[in-house]
Amino acid sequence: MSTSTADQLAYEVTPTPKATTFPLNQWYVAALSWELKDKPVGRTLLNKPVVLFRMGDGQVAALEDRCCHRALPLSNGTLEEAGVRCGYHGLLFNEVGKCVEIPGQDKIPSKAKVPAYHVRERDQIVWIWFGNEATSAPDCEPPAYDVHSSGRYVFDGSVYHYDAPYQLIHDNLMDLSHLGYVHLKTIGGNARIHMNAEMKIESEGNMVRVVRYMPDSVPPPTYTAAYPFKGNVDRWQEIEFHVSHLRIWTGAVDVGTDAMDAPERGGFHMRGFHGVTPETEITSHYFWTMATNPVSDPDAIKAKVIEQTILTFDEDKEVIEAQFKNMRQFGENPMIDIHVDVGANRARRIIEELKSK
Amino acid sequence: MSTSTADQLAYEVTPTPKATTFPLNQWYVAALSWELKDKPVGRTLLNKPVVLFRMGDGQVAALEDRCCHRALPLSNGTLEEAGVRCGYHGLLFNEVGKCVEIPGQDKIPSKAKVPAYHVRERDQIVWIWFGNEATSAPDCEPPAYDVHSSGRYVFDGSVYHYDAPYQLIHDNLMDLSHLGYVHLKTIGGNARIHMNAEMKIESEGNMVRVVRYMPDSVPPPTYTAAYPFKGNVDRWQEIEFHVSHLRIWTGAVDVGTDAMDAPERGGFHMRGFHGVTPETEITSHYFWTMATNPVSDPDAIKAKVIEQTILTFDEDKEVIEAQFKNMRQFGENPMIDIHVDVGANRARRIIEELKSK
Amino acid sequence: MSTSTADQLAYEVTPTPKATTFPLNQWYVAALSWELKDKPVGRTLLNKPVVLFRMGDGQVAALEDRCCHRALPLSNGTLEEAGVRCGYHGLLFNEVGKCVEIPGQDKIPSKAKVPAYHVRERDQIVWIWFGNEATSAPDCEPPAYDVHSSGRYVFDGSVYHYDAPYQLIHDNLMDLSHLGYVHLKTIGGNARIHMNAEMKIESEGNMVRVVRYMPDSVPPPTYTAAYPFKGNVDRWQEIEFHVSHLRIWTGAVDVGTDAMDAPERGGFHMRGFHGVTPETEITSHYFWTMATNPVSDPDAIKAKVIEQTILTFDEDKEVIEAQFKNMRQFGENPMIDIHVDVGANRARRIIEELKSK
């Protein structure tokens, strides 16, 4: 098989996706830092198969996930000080995609290389930049997330694969009124409280903030399991939408003990990071971490909060995937909007505007 | 996402099926009564995703299985006195599809509704009517099935999902000569007896009746397991095809003790109800019940007959799905007809005529 | 359903493959002899669904895998002295596809027949001939394989189903340099030895031979597990590509005790037969046997060698299927060639030439 015979192969390839329908010139989440250890990780991001790995010095790297020799995914290979070695015939590629060794062959042809992507690691999140053109370099640094680095919180997290488009995950996170119907067993509680809570929505550039307060309300199961509340609580939900991720700070204090909107409020905190990265037009990666401020035994409280978070997110995944399956079944049937959709719709408009750029 | 933005979603929807290829203006089986308890049931019938449920007063209802707000299947929701509540944001719909509550919102827009279907429950069968146009009301009541209500029989039943078009199930049921090759272990027995048995075929409107008598024959395993036959038997098979279901009355008496065609004949009876409802052009729901007249211990005999029936129907499913898989593989290769195909072909002609109306 | 109504069925059939892209007028492997026992075997070969079976006298036969009555695969049927009996209504077909019995019907229509294929059994391999036109008879006998019949070797084998085109399996077998990266645990060993070994490539008609010698090398794990080598070995790999199968003779002697290219060399032998038969353009059957010359306890050594062979071939399957999945994903992106590709590329040119005939 020479470089010109691929088109003689008698199989159909996966159709090239249409002009990408995702906002470009953005930092998207590619991985959580602790995913990149001693093995390369293969992951399709915005329709591009990528291999993510660490060099010997710990630096993160991202290449097209395809050896230029016989197309094996480089993520099937192994890691060395100098890069990733293909698992078929042993070609070795460095962090910029240059082939630096072909076993048994002295001369390395100049074509022996694979495309590299811009990646950065910051506050335990690995970000990848997809620009409008292959060569366009990032024009900013990826965002900080000091919840991971301040030392005030314990946290953990993981990644879900969704059979649903990324914007349905945005919709879900932008409207926590669903807690009362979807998450009764964990963070939900009384549906009426959520549905009737006052909701404040603000925008600032490509950021949308939805804030909801539930004063003097019954704390939900997860809260009482993790914190010694005395009775009813003053509870807040603050949601910040950014194009590639959301930051959600929820929590509560004993009634009347602290202002719900005070930056330095005490009580019980759950601070979620939600990186929503399209895999394809109809599938998504959902990277999350959940951080809490333990009043005592940090390991036990972290374990409890993470366990409850996973139960909650499992419920969301089930709902959103069922929703999308039905949307495909029914096609373009109209949808009606209700009062809780304002924040999600504003986020959708931002995405639409960025896509058309 | 407003009512007009659905078409901006970057995914392909399941293609709308062509003009329906099923006879309309018919009562089809939608469920067996005991399937509808405390949870809604989602089921696609004649290409339409439907949610089936009971209101608080026990009345059955059927709606399009899609919340008009964000498209979650209503079958993911929960039941209340007044209807079905969506499992995402809590919209409540009544038995005619009207939204009667939007939690947290006073005004319910007039567009907040989902289409409803005509359903009736009769003799423990739930029937649904699909007319030629969305609004066309049934012009008759669904058929009675007094085997379920007479008190003379014990019975049970369930539903199979078939990866095969509904007419292949008709073919199978209209020609019981396959018993000798497919069902050796249960109701089959000597293949030659079945193949050589005299067969009488009658039509009456859209009904076809196939009758076959096997006098002085060896009773098959299921028969001897359920009834104390003394030796050989006079055995009958009476098959009645209706457009949406079949009624099959098989049985036997000790040789010479009763006329095989006497309406009040004794002996051992197996009376099958077979509701064959298209799910799509290439998949089907097969609702069945099997009733028997126990000579003694009704629970034990019912259990035995149902166990044998399930073994038998499992064998049919395996054959019919393998047949259809092969038909797709080979396409329009011609088929030859043999002597046993007369009844099935007559049923196929009835369906063809109804489809063209 | 009469012979003319098939086109009224409302489902789509699997699209007929384009003009076949496989070399025809070849004997391909259809089965290993011991696969054909008391049940018919259904297998798609070069896009044609085939039922393989033995007649009562042991003769092998191959028919189109579709009863001409209602299209059930004949491989769902049962075997009798006189042929294969359909598992639905009992039609019996002989070794040339003629229907010789329709139960319950005296006259057998002349159309009651299914196409038959040319098959031969030789040295425990069942070969099938696909000519350019349905009627074209073989112009030669299938090849001998006396490793199976000489009595000097113990052997066993089986068949893999591959989600990959057959030529990717050729590529893999024609270039054993991958042993050092893919098969470290069995027959691999030091990667550099494989990659740097001198390689000799010869062609002769449609045969390509790749020979590689590794004198004074460390024997790999499988070798030392099966043979009492004293230390380093002189090792050989001889690969013979034929259009429908490969013969690979590898082995080793204690350093300096025998010429590596002597026809009657001693030491430890692994002789592989590799029948690679396309199922479709994108899937393949890979029939293999592995033979060895046991120095002692033949059963134990055979078991050890077969166990190691399966581990090795499992690794190949994983790599090749991952490679193909990636090739579909990336489409016609160019590939670069390296030094080890010469033999595989020559085999590809032979296939290209035969396909265009």
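Because the structure is a prediction, the values reported are computed rather than measured.

### Here's the deal with the overall build of chain A
Assigned secondary structure in chain A consists of six helices and 17 strands. Relative to its length of 357 residues, chain A is compact, with a C-alpha radius of gyration of 23 Å against a globular reference of 21 Å. If you line up chain A on its principal axes, its C-alpha atoms span 75 × 50 × 35 Å. Counting across all 357 residues of chain A, residues that qualify as buried make up 47%. Considering only residue pairs separated by 6 or more positions, chain A has 56% of its internal contacts joining residues 24 or more positions apart.

### Some words on the relation of the copies chain C and chain A
Between chain C and chain A, which share one sequence, the superposing operator has a rotation angle of 120 degrees and an axial displacement of 0.1 Å; the RMSD is 0.0 Å. Taken together, the rotation angle and the small translation identify this as a three-fold axis.

### Section: the sheet that holds strand β2 (residues 41–45) of chain C
All names here are of chain C. On the basis of which strands lie adjacent, the open sheet formed by three strands has the order β2-β3-β4 and antiparallel pairing. This sheet does not close on itself; its edge strands, each paired only once, are β2 and β4 (60–64). Across the sheet, the mean angle separating the axes of adjacent strands is 35 degrees when strand polarity is ignored. In the sheet, strand β3 (residues 48–54) pairs with β4 via five bridges, with the strands oriented antiparallel. Across the sheet, residue V50 finds its bridge partner in β4, namely E64.

### Here we look at the packing of helix α1 (residues 166–174) of chain C against helix α5 (residues 298–330) of chain C
Residues and elements named next belong to chain C. Running from N to C, α1 and α5 point in directions that differ by 130 degrees, and their axes come no closer than 10 Å. For the element pair α1 / α5, the angle class is oblique. Note that α1 runs across α5; the crossing there is right-handed. Between α1 and α5, the residues in contact are L168, I169 and N172 and D316, I320, Q323 and F324, respectively. Classifying every residue of the contact of α1 with α5 gives four nonpolar, two polar and one charged.

### Side note on the sheet that holds strand β10 (residues 125–130) of chain B
All names here are of chain B. Read from one edge of the open sheet, three strands run β1-β10-β9, paired in antiparallel fashion. In the strand order of this sheet, the two ends are held by β1 (26–32) and β9 (118–122), each with one partner. Along the sheet, successive strands turn relative to each other by an average axial angle of 30 degrees, direction set aside. In the sheet, β1 pairs with β10 via six bridges, with the strands oriented antiparallel. Note that in β10 the partner of V29 across the bridge is W127.

### Some thoughts on the interface of chain C and chain A
Quoted interface sizes are often the accessible area lost when the parts come together. On the side of chain A, 33 residues touch chain C, which itself brings 33 residues to the contact. Where the side of chain C that touches chain A is concerned, the elements lending two or more residues are α2 (179–182), α3 (191–196), α5 and α6 (342–355) of chain C. If you tally residues by element for the side of chain C that touches chain A, the top one is α5 of chain C, at eight residues. A breakdown of the residues in the side of chain C that touches chain A according to their chemical character gives 15 nonpolar, eleven polar and seven charged.

### A few points about the nonpolar core
In this structure, A30 and I128 of chain A, A30 and I128 of chain B together with A30 and I128 of chain C are the most contacted members of the largest nonpolar core, which totals 275 residues. When neighbours within four sequence positions are excluded, I128 of chain A is seen to be in contact with Y28, A30, L45, A62, Y117, H118 and V119 of chain A.

### Topic: the interface of chain C and chain B
Contacts between the two partners involve 32 residues from chain C and, on the opposite side, 35 residues from chain B. Per-class residue counts for the side of chain C that touches chain B are 16 nonpolar, twelve polar and four charged.

### Let's talk about the domain arrangement of chain A
Residues and elements named next belong to chain A. Under the domain assignment, chain A is made up of domain 1 (17–130) and domain 2 (154–355). Taken together, the 15 residues of domain 1 in the interface contact 16 residues of domain 2. Of all the secondary-structure elements, those providing two or more residues to the side of domain 1 that touches domain 2 are β1 (26–32) and β2 (41–45). With five residues, β1 is the single largest residue contributor to the side of domain 1 that touches domain 2.

### Points about the environment of D156 of chain B
Residues and elements named next belong to chain B. With respect to the helices and strands, the residue D156 is situated in strand β11 (residues 154–162). Among the residues examined, D156 registers 17 C-beta atoms within 10 Å and is labelled partly exposed. Along the primary structure D156 and W249 are separated by 93 residues, whereas in three dimensions their C-alpha atoms are 15 Å apart. Among residues more than four places away in sequence, those in contact with D156 are T289, M290, K302 and I306.

### A closer look at unusual backbone geometry
One non-glycine residue, D123 of chain A, lies in positive phi territory at about 50 degrees. With respect to the secondary-structure elements, D123 of chain A resides in the loop between β9 (118–122) and β10 (125–130). One non-glycine residue, N25 of chain B, lies in the positive phi region at around 55 degrees. Tracing the sequence through the fold places N25 of chain B in the segment before β1. Assessed through the 16 C-beta atoms surrounding it within 10 Å, N25 of chain B is described here as partly exposed.

### Some remarks on the pairing of strand β14 (residues 233–242) of chain C
The side chains of a regular strand alternate, first on one face of the sheet and then on the other. Residue and element names in this part refer to chain C. Among the ten residues that make up β14, seven are buried, leaving the element largely enclosed by the rest of the structure. Judged from the eight bridges that link them, strand β13 (residues 207–217) and β14 form a sheet pairing that is antiparallel. Opposite Y213, over in β14, you have W236 as the bridge partner. Sheet topology places β14 next to strand β15 (residues 245–254); ten bridges connect them, and they run antiparallel.

Calculation rules
Within every chain, residues take consecutive numbers counted from 1 along the sequence as written. Chain letters start at A and ligand numbers start at 1, both assigned in the order the entries are written. Only residues with pLDDT of at least 70 get local features here, since the model is predicted, and only at 80 or more are side-chain atom pairs given and counted; chain-wide, interface and lining totals rely on the full set of residues. Each helix is a run of DSSP H or I of at least 4 residues and each strand a run of E of at least 2, with the numbering of both proceeding from the N terminus. As a reference, a globule follows 2.2 Å times the number of residues to the power 0.38, and the radius of gyration itself is taken over C-alpha atoms. For every residue, the other C-beta atoms within 10 Å of its own C-beta are counted; 20 or more classify it as buried, 12 or fewer as exposed, and values in between as partly exposed. C-beta atoms are placed from the backbone. Any pair of residues counts as being in contact when their C-beta atoms, constructed from backbone geometry, are within 7 Å of one another. Least squares is used to superpose the copies, and the fit set is the C-alpha atoms of residues whose pLDDT is at least 70 in both copies. Any two strands are treated as partners once DSSP identifies two or more bridges connecting them. Axis definition: a line fitted to C-alpha atoms, limited for helices to the stretch in contact. Angles are taken between N-to-C directions and run from 0 to 180 degrees. For this classification, under 35 degrees means roughly parallel, over 145 means roughly antiparallel, 65 to 115 means roughly perpendicular, and everything else is oblique. Crossing handedness follows the turn of the near helix against the far one: under a right angle anticlockwise gives a left-handed crossing, and clockwise gives a right-handed one. Here the nonpolar group is Ala, Val, Leu, Ile, Met, Phe, Trp, Tyr, Cys and Pro; Asp, Glu, Lys and Arg are the charged ones; every other residue, Gly included, is treated as polar. In this description, a nonpolar core means buried residues of the types Ala, Val, Leu, Ile, Met, Phe, Trp, Tyr and Cys, linked to one another by C-beta atoms lying within 7 Å. Residue ranges for the domains originate in an automatic or database domain assignment.

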